[in-house]
Amino acid sequence: MIGIYLSGTGNTKHCVEKLVSLLDESSTCVPLEYPQIIHVIEKQDIIVLGYPTQFSNAPFMVRDFIKKNGSLWKGKKVFCVSTMGLFSGDGTGCTARILKKYGAEILGGLQIKMPDSVCDSKLLKKGLEENRQIVKNADKRMEEVAERIGWGDYPRDGLSFFAHLKGLLGQRLWFYRKTMGYTDKLKISDACIGCGLCSKECPMENIRMNDRRAVPGNRCTMCYRCISLCPQKAITLLGDRVTEQCRYEKYK
Ligand SMILES: Cc1cc2nc3c(=O)[nH]c(=O)nc-3n(C[C@H](O)[C@H](O)[C@H](O)COP(=O)(O)O)c2cc1C
Ligand code: SF4
Ligand code: SF4
């Protein structure tokens, strides 16, 4: 078994690592941007795939990765995990349907509530204590789920036809343009001091350094990692001001 994930602010990384360690403590987890990821997946039969829900869809990078490596999935057993701030509908179904087309067997799905990661919007923001409680609840749920899986009973969050309709009509259709590709809308203000952290951490290599200034490209997958880490709060995407830098580490 292997856990693979995309994680912007650390929520999904935590959930995949925790679940995989509960299911098989000898298994490891790697991020999707890991250079040898294809080689790692090729060697495994069972894969736990995790990502944050974005507008009731999977991040474009995740869908792109699955499609670009279509031959990788034949015969693999995949358990899909999507983390969310509030509502996901069929967050897991969004990748499960594509994986199935490429011959994967879907073992099940888990949609799990975590703190909201959109650092430049006040919407859905909770206090520190409430976020800590959300993380505790998520941990408890994963413990229960791991026990169930041990008996061969996989949860199927987000995989039903009804969930598909909920995700599609609840959000995805209305925000389809936001998730149909990579975005060029990342903004970096004059507050940038050229530390290079965003450029080093971006899973898409979408930020380059030029003359001690960070310059965004047009392949952002909206993970919010750079926005949550910038020491100057100089980076924004959906909003115009960083209100809170959300990071899993603050809530554990
Ligand atoms: C661009 C964007 C869109 C999001 N859309 C949703 C959404 O539709 N529903 C939801 O419940 N959470 C949404 N979220 C919140 C994240 O899914 C959630 O906080 C997730 O746990 C972040 O995981 P990460 O830290 O691994 O990136 C969104 C976050 C981002 C950055
Ligand atoms: S992390 Fe912030 S300050 Fe550092 S280079 Fe990037 S934008 Fe500039
Ligand atoms: S530019 Fe920032 S938000 Fe976009 S993919 Fe890179 S780290 Fe994520």
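First, a word on what this report is: a plain description of the structure on this page. What you see is a predicted model; the values in this text were computed from it and never measured.

Attention shifts here to the overall build of the chain. Along the chain, the regular secondary structure elements total 10 helices and nine strands. Here the C-alpha atoms of the chain give a radius of gyration of 18 Å, agreeing with the 18 Å that 2.2 N^0.38 yields for 252 residues. Relative to its full complement of 252 residues, the chain shows a buried share of 52%. Intrachain contacts of the chain at a sequence separation of at least 6 include 74% that bridge at least 24 residues. Charge-centre separation for the chain: the mean point of 39 positive side chains lies 5 Å from the mean point of 27 negative side chains.

Here the focus is the nonpolar core. The biggest cluster of nonpolar side chains holds 40 residues, and the ones touching the most others in it are Leu19, Phe79, Leu110, Leu186, Ile227 and Ile235. At the level of elements, helix H1 (11-23), strand S4 (77-84), strand S5 (105-113), helix H5 (128-150), helix H9 (225-229) and helix H10 (248-251) are the ones that each hand at least two residues to this core. Looking at which element gives the most residues to this core, the answer is H5, with six residues. Other than its neighbours up to four places away in sequence, Leu19 contacts Val48, Phe79, Val81, Leu110, Met142, Val145 and Ala146. Core analysis: the second largest hydrophobic core is formed by 30 residues, Leu32, Phe60, Ile66 and Ala104 among them.

Of all residues adjacent to ligand 1, which total 25 residues, the nearest are Ser7, Thr9, Thr12, Thr53 and Leu86. Ser7 has a polar side-chain atom sitting 2.6 Å from an oxygen atom of ligand 1. One of the side-chain nitrogen or oxygen atoms of Gln171 is found 2.8 Å away from an oxygen atom of ligand 1. Summarising the interface, the protein chains cover 96% of the accessible area of ligand 1, which totals 650 Å² for the free molecule. Counting only elements with at least two residues in the shell around ligand 1, the list comes to H1 and S4. Among the residues forming the shell around ligand 1, the class breakdown is 11 nonpolar, 13 polar and one charged.

With that out of the way, let us pick up H5. Taking 1.5 Å per residue as the helical rise, H5 with its 23 residues ought to reach 33 Å, and the 33 Å between its terminal C-alpha atoms agrees with that figure. Burial in H5 covers these residues: Asn131, Ile134, Val135, Ala138, Asp139, Met142, Val145, Ala146 and Ile149. Its buried side turned inward, H5 meets H1, S4, S5 and H10. Count one or two residues on from H5 and you reach Gly152, which has phi positive near 90°.

Moving on, we get to the sheet that holds S5. With respect to topology, five strands assemble into an open sheet ordered S2-S1-S3-S4-S5, the strand pairing being parallel. The two strands at the open ends of the sheet, each matched to only one other strand, are strand S2 (28-31) and S5. The average undirected angle you get between the axes of adjacent strands in this sheet is 20°. Inspection of the sheet shows strand S3 (residues 46-52) paired to S4 by seven bridges, in the parallel sense. Within S4, the residue paired with Tyr51 across the bridge is Ser82. With respect to the sheet, helix H4 (residues 93-101) is in contact with S3, S4 and S5, its orientation differing from that of S4 by roughly 160°. The strands touched by H5 within the sheet are S4 and S5, with S5 carrying the most contacts at an inclination of about 155°.

This part takes up the pattern of salt bridges. This structure, assessed with the given rule, holds 17 salt bridges. A salt bridge links Arg172 to Asp90; the shortest N-O distance between them is 2.6 Å. Of this pair, Arg172 sits in helix H6 (residues 161-172) while Asp90 sits in the loop between S4 and H4, and the two are 82 residues apart along the sequence. Classification of Asp90 as buried rests on a relative accessible area of 0%. Each member of the salt-bridge network shares a partner with another, and the members are Asp90, Arg97 and Arg172.

Next up on the list: the packing of helix H3 (residues 60-68) against H4. The interhelical angle for the contact between H3 and H4, taken along N-to-C directions, is 5°, at an axis separation of 10 Å. On the basis of their axis angle, the class for H3 and H4 is roughly parallel. Here H3 contributes Val62, Arg63, Ile66 and Lys67 to the contact with H4, which in turn contributes Thr95, Ile98 and Leu99.

Basis of the calculations
Residues numbered from 1 in each chain as written. Chains lettered and ligands numbered in written order. Predicted model: local features only at pLDDT ≥ 70, side-chain atom pairs only at ≥ 80, totals over all residues. Heavy atoms only, no water. Helix = DSSP H or I, 4+ residues; strand = E, 2+ residues; numbered from the N terminus. Rg over C-alpha atoms; globule rule 2.2 N^0.38 Å. Buried < 20%, exposed > 50% of the residue type's maximum accessible area, 1.4 Å probe, protein only. Contact = heavy atoms within 4.5 Å. Lys, Arg positive; Asp, Glu negative; His and termini not counted. Charge placed at Lys NZ, Arg CZ, Asp CG, Glu CD. Core = buried A, V, L, I, M, F, W, Y, C linked by side-chain atoms within 4.5 Å. Near = heavy atom within 4 Å. Polar contact = N/O pair within 3.5 Å; in protein donor to acceptor, adjacent residues only side chain to side chain. Areas by Shrake-Rupley, 256 points an atom, 1.4 Å probe, with all protein chains shown as cover. Nonpolar A, V, L, I, M, F, W, Y, C, P; charged D, E, K, R; others polar. Expected span 1.5 Å × (residues − 1). Pairing = 2+ DSSP bridges. Axes fitted to C-alpha atoms, helices over the stretch in contact; angles between N-to-C directions. Salt bridge = Lys/Arg side-chain N within 4 Å of Asp/Glu carboxyl O. Parallel < 35°, antiparallel > 145°, perpendicular 65-115°, else oblique.

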